[in-house]
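Architecture at a glance
Here's the letter readout for the chains.
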Amino acid sequence: MEPIRVGLVADPASPTQVARRMTDLVPPSGADADVWDVELVSEPFTLGSEDVDIALARLRVHADRNNWDLVIGVTELPLRNDDGRYLLAAIDPMRQAAVLSLPALGGFRVQSRARHAVRGLVDGMAEPSAPEERRLPLPGISARGRVLMGMVIANRPWLLAAGLKSALVAALATGAVATIEPTVWLLAYTLSGWRLAAVTVVSIAVVIAWIVIDGRLWDHPDDDSPQARERSRLYNTSTLLTLTIGVMICYVALYLVNLAWALFVLDPETMSDSVGAPLGYGGLFVLAWFVASAATLGGALGTGLESDDAIRAAAYSKREEERRARLAAEPV
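Here the structure is a predicted model, which is why all the values come from computation and not from measurement.

Conventions used here
- Residues numbered from 1 in each chain as written.
- Predicted model: local features only at pLDDT ≥ 70, side-chain atom pairs only at ≥ 80, totals over all residues.
- Heavy atoms only, no water.
- Core = buried A, V, L, I, M, F, W, Y, C linked by side-chain atoms within 4.5 Å.
- Buried < 20%, exposed > 50% of the residue type's maximum accessible area, 1.4 Å probe, protein only.
- Helix = DSSP H or I, 4+ residues; strand = E, 2+ residues; numbered from the N terminus.
- Contact = heavy atoms within 4.5 Å.
- Arc of directions from axis to C-beta.
- Phe/Tyr/Trp six-rings, centres within 6.5 Å; stacked < 30°, edge-to-face > 60°.
- Lys NZ or Arg CZ within 6 Å of the ring centre and 35° of its normal.
- Expected span 1.5 Å × (residues − 1).
- Polar contact = N/O pair within 3.5 Å; in protein donor to acceptor, adjacent residues only side chain to side chain.
- UniProt positions renumbered as here; feature names shortened; annotations may be inferred.
- Salt bridge = Lys/Arg side-chain N within 4 Å of Asp/Glu carboxyl O.
- Axes fitted to C-alpha atoms, helices over the stretch in contact; angles between N-to-C directions.
- Parallel < 35°, antiparallel > 145°, perpendicular 65-115°, else oblique.
- Nonpolar A, V, L, I, M, F, W, Y, C, P; charged D, E, K, R; others polar.
- Pairing = 2+ DSSP bridges.

Concerning the nonpolar core
Here is a general trend for soluble globular proteins: nonpolar side chains tend to be buried in one another's company. One finds Ile72, Leu100, Leu102 and Val118 to be the most contacted residues of the largest nonpolar core, which totals 26 residues. Among the elements of the structure, strand E1 (4-10), helix H1 (14-20), strand E2 (36-42), strand E3 (70-75), strand E5 (86-92), strand E6 (97-101) and helix H3 (110-126) are those that each provide at least two residues to this core. Among the elements that take part in this core, H3 stands out by supplying seven residues, more than any other. Here Leu102 is in contact with Pro15, Val18, Val74, Thr75, Val110 and Ala114, once residues within four sequence places are set aside. In terms of nonpolar packing, the next biggest core, distinct from the first, is built from 25 residues, Val99, Ala143, Leu148 and Tyr235 among them.

In structure tokens:
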């Protein structure tokens, strides 16, 4: 039996990395086909449009160009049905094309889940009696949360600090100077625990708001339809969660750096004389907490030195970065 030529078209970056590990796919046990000949093409086939039918049509163009028997698209685009339900995949057997949404996999064990899903899509379309055009909705009321989690993890919030170098330098400089300032010692000593916690929350919130405003990261609906409003809510929630996790990771890192600096350069006795109250090494932990909040605010000023492209690159996955850049370039 002739091998079935299978094309994988993947959005750049993460989807391509996932798809590259599936070029060795073989039919499930008991399948009629002897072998699948899998070929990968990395191209942003969903860029400029979030319509599932357009994506399927573009995939068919790739299939015709490369003489594939069938084609699977792998994207970070969240897919939705006409009734508003989120989709794992969409299949068009007439075009012998299907598209798989990685965020619908939930963000965990993406590689194994994607491999299982693609094998099932290929096997289903390769059967002589292929099913009618259909959508595969996510089950249960947690579908939106699953897609949202997949989007946030795809945005890699733990890499936010590495992408905002100017902000990180500003934060570290602010912390280094504040740590050796006696006035800061006195402020840290006089603040109660709940006030220190409030300062932490406010500093993180200010940084998130500043990044969203300065980087123009807030998504606006294309029109007044319920679908467009829901899409914007999903993207904006993903943005806020990504930035919150990323900034909190930065905050903890700043705290540890400031604590190490304080333990190295400060003497609790000197601090006690300046504050006018006995302080032990526990006072250094409180000082590092307060300084981390001040340094986080200093980092917000540093984000103003970054370009909008750098901010989007730090906050989003590759596909979302390209989508936001395209929207920002469009006339208002």
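Digging into helix H7 (residues 182-190)
Within the sequence span of H7, burial applies to Val184, Trp185 and Ala188. Take H7 and look down its axis: the buried residues cluster within an arc of 105°, on one side only.

Let's talk about the packing of aromatic side chains
Tallying each qualifying case throughout the model produces zero aromatic pairs. Between the NZ or CZ atom of Arg80 and the centre of the ring of Tyr86, over which it lies, the distance is 5.1 Å.

So, helix H2 (residues 52-66)
Under the 1.5 Å per step criterion, the end-to-end length of H2 is 21 Å for 15 residues, consistent within 8% with the ideal 21 Å. Turning to H2, its buried residues are Val52, Ala55, Leu56, Leu59, Arg60, His62 and Ala63. Down the axis, H2 shows its buried residues gathered within 155° of arc, on one side only. Among the exposed residues of H2, those oriented more than 90 degrees off its buried face are Asp64 and Arg65. Where H2 starts, the residue carrying a side-chain oxygen 3.0 Å from the main-chain nitrogen of Asp53 turns out to be Asp51. Following H2 by one or two positions, Asn67 has its phi on the positive side, about 60°.

Description of the side chain of Thr46
Among the structural elements, Thr46 can be located in the loop between E2 and H2. We classify Thr46 as buried; its relative accessible area is 1%. In this structure the side chain of Thr46 is engaged in a polar contact, spanning 3.5 Å, whose partner is the side chain of Thr75.

Section: the UniProt feature "transmembrane region" (unreviewed entry) in the protein chain
Under the UniProt annotation, "transmembrane region" (unreviewed entry) lies at residues 158-180, 192-213, 234-261 and 281-302. Secondary structure over residues 158-180 splits into 83% helix and 0% strand, and the C-alpha atoms at its two ends are 29 Å apart. Secondary structure over residues 192-213 splits into 95% helix and 0% strand, and the C-alpha atoms at its two ends are 31 Å apart.

A word on the pattern of salt bridges
Using the criterion set out here, one finds eight salt bridges in the structure. The salt bridge partner of Asp24 is Arg115, with a shortest N-O separation of 3.0 Å. Separated by 91 residues along the polypeptide, Asp24 in the loop between H1 and E2 and Arg115 in helix H3 bring together distant segments of the chain. Residues Arg95 and Asp92 are paired through a salt bridge, measuring 2.7 Å at the closest nitrogen-oxygen approach. Overall, Arg95 belongs to the partly exposed group, its relative accessible area being 29%. Each of Arg144, Glu230 and Arg233 takes part in one network of salt bridges that share partners.

Describing the environment of Ala161
Along the polypeptide, Ala161 turns up in helix H5 (residues 160-163). Residue classification places Ala161 among the partly exposed positions, given a relative accessible area of 23%. Residues Ala161 and Gly299 lie 138 residues apart in sequence; the distance between their C-alpha atoms is 10.0 Å. Residues in contact with Ala161, not counting those within four places in the same chain, are Leu168 and Cys250.

Points about the packing of H7 against helix H10 (residues 268-275)
Each pair of packed helices gets described by two things: the angle between the helix axes and the distance between those axes. One way to put it is that H7 packs onto H10 with a least axis distance of 9 Å and a crossing angle of 80°. Relative to H10, the element H7 is oriented roughly perpendicular. Within the contact between the two elements, H7 uses Pro182, Trp185, Leu186 and Tyr189 and H10 uses Thr270, Met271, Ser274 and Val275. When the residues that make up the contact of H7 with H10 are grouped by side-chain class, the tally is six nonpolar, two polar and no charged.

Remarks on the pairing of E6
Along E6, five of the five residues are buried, which leaves the element largely enclosed by surrounding structure. Side-chain alternation along E6 places Ala97, Val99 and Ser101 on one buried face and Ala98 and Leu100 on a second face that is also buried. By the bridge criterion, five bridges tie E3 to E6 in an arrangement that is parallel. Counterpart to Val71 in the pairing with E6 is Ala97. Note: E5 against E6, four bridges, orientation antiparallel. For Ala89, the partnering residue across the bridge sits in E6 and is Leu100.

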